[in-house]
Structure formats: structure tokens, C-alpha cells
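# Structural features, examined
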Amino acid sequence: MKKTPSIFGGACIIASVCVGAGMLGLPSSGAGAWTIWSILTICFTMLTMTVSGWLLLEAYKHYDLRASFNTVTKAMLGNSVNVINNLAVYFVGGILLYAYTTASGGILSGLAAPFFELDSRIWSVIFVLVFSFFVWHSTRIVDRVSVILIVFMSLSFIFSIFGLTVNIDLATLFDTKGTDSNYAMYAMGLLPVALTSFGYHHSVATMRAYYGDECKAKYAILGGTAIALALYLLWVISIFGNLPRNQFGPVLESGGNLDVLLSALGNVIESASVKQAINAFSIAAILSSFIGVGLGVFDFLADFFKFDNSKEGRFKSWAVTFLPPLILSVSFPLGFLKAIGYAGAVATIWTCIIPALLARKSRTMPNGQTGFKVAGGNVTIVIVILFGIATALFHFLAMFNILPAFKG
């Protein structure tokens, strides 16, 4: 008899897909909203994104277990909508690779500074050429490298968190000495980064195939987003409890660049070993996310362009995956937060709007009212769509300086 996979195993897969950009972008994007409003915004985003994943599951129930997001969207909503959805998936993958490439250059340049000077853009090129090799080589080597990175990331995260939590200052955490007490109005600007932090939806079909059952996949998704939420809150509280709100000014001025955030943290943390652990965790988180996202985009484009799996075919897939983000990163190094914000705004298409439309269509089909169905009727669908539209809208309003922006 075949053993059923554990819910916890699936939850860990979902959590590892989520945790990445958000871990590094949430503290800076939440600086205006600060502790209470950041926690409320991240929790609400987690709940909405969990439900939107369930709506996808509801649509999948009409199809074979091997059916992909692409297949179901094309069958239910037509080819035009599917093209838009695929372009959105590719854009988010590309912009994340761009963000990780830019961030890696800044961090590596800072770490190497005591020994020798090298431009951050050259470091970005070195980072991409070295670590994209794993993706070009094979999925098997990515698997092995990812396991090593996750172990390393977990250990450095535990050490960082321990070092930060023992030094949390409640006056700093709740900003009792701050002169600006307007927190709620800055929460809107946090939404695009928070949404990116829970973008696991391309893995929903994988979860369904893994369990062969929508209900078990539902609980694995909930478990995964809950683990991600716990890690995010622990990290945000640890940083907000150590780095005063008014000291986020230089970080935000740089566009949320990680090297500037790490430098600001280094100035308020006395322990050299904790500083090193935070740097190690940040590098591991970027590298893990870079390889994971890179593999997803690599496979997506190999399928899209019909490149074969030969060395030449894989080189073509490598070129279209990694060279455009690298060239853009070297030519136009946008701030990390801006790049993640763009990713969040476009990700609303395939994480909120498309899943809600698929579930709505599913309910009009034969057997649409039987089997797996998300509670709440049309109200749930409307809330998820409105959340997606609002998140994208807030990003573009912030882009044109219409939303209130916290300067530190």
C-alpha cells in the first residue's frame, strides 16, 4: 500500500516557495506602518492569499491530476486570458531575478570592502555567472544545493533571531519615543511586498498532484502559509525591536537596498557574531530564492520556446532566463523595494484575480457545486479580486507619489 505524503511535508514545500523576497523586503516596506499595522497587514495578506490558493484548487477539481495552471486557465478562461496570465508569471519571475541580482551585488561589495574594492555591478555579474551554472547544469544539482542552502539559512536565521530577540527594546518596538504617530496610512504601501511574500500559486497544481486530493492539499497550503507568516512576524518584530523607526531613512532613500539595511542594523547591534549571522542569512536567502526562481523561469521559458534538454538547448534557456535581468540590473539598478513592489503589483493577476475568476467559472460547470468548494460563496471571490486590484492600485499610486510615503 502506497504511503500518503504528510501534510507537514507539503506545508514545508509551500513555506520554502513563499519565504525569500518577503523576508528581506518586509522590514523596510513596513517601516512606516511599524509594528502593529505591519503585523495586521501581513496577517490579512496571508489569509487572503491562502484563500486565493484554495480557489485555484476548486477550479482544478474538474481536471486530471497532471493538469497545470496554464492548462486550466486556457481551458476555462480562453487563450487570451491565459497569455496575459503567462506573461504576468514570467514578468514576476524576471523582476525577482533582477531584484536578487541587484541586491547580491550590493551585499557582496559591502562584505568584500575591507579586503578590496570592486564595483557592486561587477559583483552582480560574478554572482549570476557562478550561481546560474547550477540551474543550467540540472534540476538534480539545484535540489542538492537547495538542501544545503536551506540548512545553512535555517541555522543562520536561528542564530540571528536569538541575537536580535534578546536585545529587543519595547520602546523601540512600539515607537514610544517617535514624533510621527501616523502608522495606518503607511500600511497601504506595504501590501505589494506582503503579497509577493505569499506567492506560491504556481505550486498549487503540484500540491494537488502530490496528494491526489484537494482537501489534503488545502491543509498543506494553510500549513505552509502559516509557517511563512510565523517566520515573517518573528523577523519583522526582531528588526523593529532593534532598529529605531527614525533610522530607516537612509534605507528608504536607497530604495530599500539590503546592503544599506544590513549596514543600519550593524550600527545598532553590538555583537559581531550576530552581525555576521544576519549577513550570512541574507546572502543565503537571496541565493536560495535566486536559484529557486531561476529554475522556475528556466523551465517556463524552455517550454515556451520549445528548447530541448541538450547542452545547447539548456544554454539557450539559460541565456533568455538570466541575461535580460542581469543586463537590466547592471544598466538600471533600481532599489530592491521598488523591484519587489512591481513584482507584487503584477503578481495580483495570477495570485488573486485569475484564481477568483477560475473559481467563479468552476461553479457554473457541471458538478461545480459538488466536491471541493471554498466557503463564503461569491463574497469570498469578490474580496479576493478587490484585494488584488487594491494592491496593484496602491503600488501605482505610490509610484506617482500619490500615496503617503514614509521617509524615516
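Quick look at the structure, then. (Residues numbered from 1 in each chain as written. Predicted model: local features only at pLDDT ≥ 70, side-chain atom pairs only at ≥ 80, totals over all residues. Heavy atoms only, no water.)

## Some details on helix α4 (residues 69-77)
Cut-off, in case you're wondering: Between buried and exposed lies partly exposed: a residue is buried under 20% and exposed over 50% of the maximum accessible area for its type, with that area taken using a 1.4 Å probe on protein chains only. Labels follow the DSSP assignment, with helices taken as runs of H or I lasting at least four residues and strands as runs of E lasting at least two, numbered in each case from the N terminus. Here, the arc refers to the directions that run from the helix axis to the C-beta atoms. We call two residues contacting when some pair of their heavy atoms lies within 4.5 Å.
Where α4 is concerned, the buried positions are F69, V72, T73 and M76. Along α4, the residues classed as buried sweep out an arc of 100° about the axis, all on the same side. Packing partners of the buried residues in α4 comprise α3 (34-60), α5 (79-112), α10 (204-211) and α16 (336-362). Just past α4, the residue G78 takes up positive phi, approximately 95°.

## Notes on a nonpolar patch on the surface
Note the following rule: Patches in this entry comprise residues that are over 30% relatively accessible and not in a salt bridge; like charges within 9 Å are linked, as are nonpolar side chains (Val, Leu, Ile, Met, Phe, Trp, Tyr) within 5 Å. Note that accessible areas follow from Shrake-Rupley with a 1.4 Å probe, and for residues the cover is restricted to the protein chains shown. The rule for a salt bridge is simple: a side-chain nitrogen of Lys or Arg has to be within 4 Å of a carboxyl oxygen of Asp or Glu.
A surface patch of nonpolar side chains, about 500 Å² in accessible area, is lined by I36, W37, L40, L170 and F174. With 3 residues, α3 is the single largest residue contributor to the nonpolar patch. In this fold, F174 is placed in the loop between α8 (170-173) and α9 (187-196).

## Concerning the packing of α3 against helix α17 (residues 377-399)
Let me state the cut-off plainly: For every element, the axis is a line fit to its C-alpha atoms; helices are fit only across the contacting stretch, and the angle between N-to-C directions ranges from 0 to 180 degrees. Orientation labels follow simple angle bins: below 35 degrees gives roughly parallel, above 145 gives roughly antiparallel, 65 to 115 gives roughly perpendicular, and whatever is left gives oblique. Left-handed describes a crossing whose near helix is turned anticlockwise from the far helix by less than a right angle; the clockwise case is right-handed. Residues are grouped as follows: Ala, Val, Leu, Ile, Met, Phe, Trp, Tyr, Cys and Pro are nonpolar; Asp, Glu, Lys and Arg are charged; all remaining types, including Gly, are polar.
Packing of α3 against α17 brings their axes to within 10 Å, and their N-to-C directions diverge by 120°. Comparing their axes, α17 and α3 come out oblique. As α3 packs across α17, the resulting crossing turns out to be left-handed. Contacts from F44, T45, T48, M49, V51, S52 and L55 in α3 reach T380, I381, V384 and F387 in α17. Looking at the contact of α3 with α17 residue by residue, the classes come out as 7 nonpolar, 4 polar and no charged.

## Some points on the pattern of salt bridges
Under the criterion given, the structure shown has 6 salt bridges. A salt bridge links R208 to E214, with the shortest nitrogen-to-oxygen separation between them at 2.8 Å. Residue class for E214 comes out buried when judged on its relative accessible area of 14%. Its salt-bridge partner being K316, residue E312 comes within 3.8 Å of it at the nearest N-O pair. A residue pair is termed a helical-turn pair when its members lie 3 or 4 positions apart in one helix, as E312 and K316 do in helix α15 (residues 311-331) at 4 residues. Residue classification places E312 among the exposed residues on the basis of a relative accessible area of 56%.

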